[in-house]
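Below, each chain spelled out in residue letters.
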Amino acid sequence: GISCDVITFNAAISACGRCQKLQEAINFLGAMEQQTIQPTVVSFNSVISAASWPVAMMLLAVMEEKTVQADLITYNTAIGACEKDSC
């Protein structure tokens, strides 16, 4: 079979984010953990790009739990989720 690494997963998650396929992006995050691949800030940023405001906030909390450091892109993307939902 094909072995996946963090780059492969991030590419798939990014594609899901661009197409607003939130559940699929979240599923890829779960698949990463099942394969003991640590999601990165890029992984989370891509999922947040497809998320609604409440889900974006939940993902920020998950990042903190997993000690994944949020960056400027993370916060800008989360703000974008708020704009989509007209907070």
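Further up the page is the structure itself.
Criteria and cut-off values
- Going along each chain's sequence as written, the residues are numbered from 1 onward.
- In view of the model being predicted, local features appear only for residues whose pLDDT reaches at least 70, and side-chain atom pairs are presented and counted only at 80 or more, with totals across whole chains, interfaces and linings using the full set of residues.
- Excluding hydrogens and water, the side-chain figures rest on all heavy atoms present in the structure.
- The way it works is that DSSP assigns letters per residue, a run of H or I at least four long becomes a helix, a run of E at least two long becomes a strand, and they are numbered from the N terminus.
- Any two residues whose heavy atoms approach within 4.5 Å are treated as being in contact.
- Only Phe, Tyr and Trp rings take part, Trp by its six-membered ring, and two of them pair if their centres are within 6.5 Å. Stacked means planes under 30 degrees apart, edge-to-face means over 60, and tilted covers everything else.
- Type-normalised accessible area, obtained with a 1.4 Å probe on protein chains alone, sets the label of each residue: buried when under 20%, exposed when over 50%, and partly exposed for intermediate values.
- Fitted lines through C-alpha atoms serve as axes, helices being fitted only where they are in contact, and the angles separating the N-to-C directions of these axes extend from 0 to 180 degrees.
- Oblique is the label for every angle not falling under 35 degrees (roughly parallel), over 145 degrees (roughly antiparallel), or within 65 to 115 degrees (roughly perpendicular).
- The sense of a crossing depends on the near helix, which, turned anticlockwise from the far helix by less than a right angle, makes the crossing left-handed and, turned clockwise, makes it right-handed.
- Throughout this entry, Asp, Glu, Lys and Arg are counted as charged residues, while Ala, Val, Leu, Ile, Met, Phe, Trp, Tyr, Cys and Pro are counted as nonpolar. The remaining residues, Gly among them, count as polar.

J.: Explain the environment of Cys16 residue by residue, including any values.
T.: If you trace the backbone, Cys16 turns up in helix α1 (residues 6-18). As for Cys16 and Glu83, which are separated by 67 residues in sequence, their C-alpha atoms are 19 Å apart. Beyond its immediate sequence surroundings of up to four residues, Cys16 is in contact with Lys21, Glu24, Ala25, Phe28 and Ala50.

J.: Can you tell me about the packing of aromatic side chains, naming the residues and giving the values?
T.: Counted according to the given criterion, the structure contains one aromatic pair. Ring centres 6.3 Å apart and planes at 70 degrees place the aromatic pair Phe9 and Phe28 in the edge-to-face group. Of this pair, Phe9 sits in helix α1 while Phe28 sits in helix α2 (residues 22-34), and the two are 19 residues apart along the sequence. Classification of Phe9 by relative accessible area gives buried; the value is 5%.

J.: An account of the packing of α1 against α2 is requested, with residue identities and associated values reported.
T.: In contact at an axis separation of 8 Å, α1 and α2 are set at 165 degrees when each is read in the N-to-C sense. If you check the angle between α1 and α2, you find them roughly antiparallel. For the crossing formed where α1 meets α2, the hand is left-handed. Listed contacts from α2 to Val6, Phe9, Asn10, Ala12, Ile13 and Cys16 of α1 are Glu24, Ala25, Phe28, Leu29, Ala31 and Met32. Classifying every residue of the contact of α1 with α2 gives ten nonpolar, one polar and one charged.

Just geometry here; none of it tells us what the structure is for.
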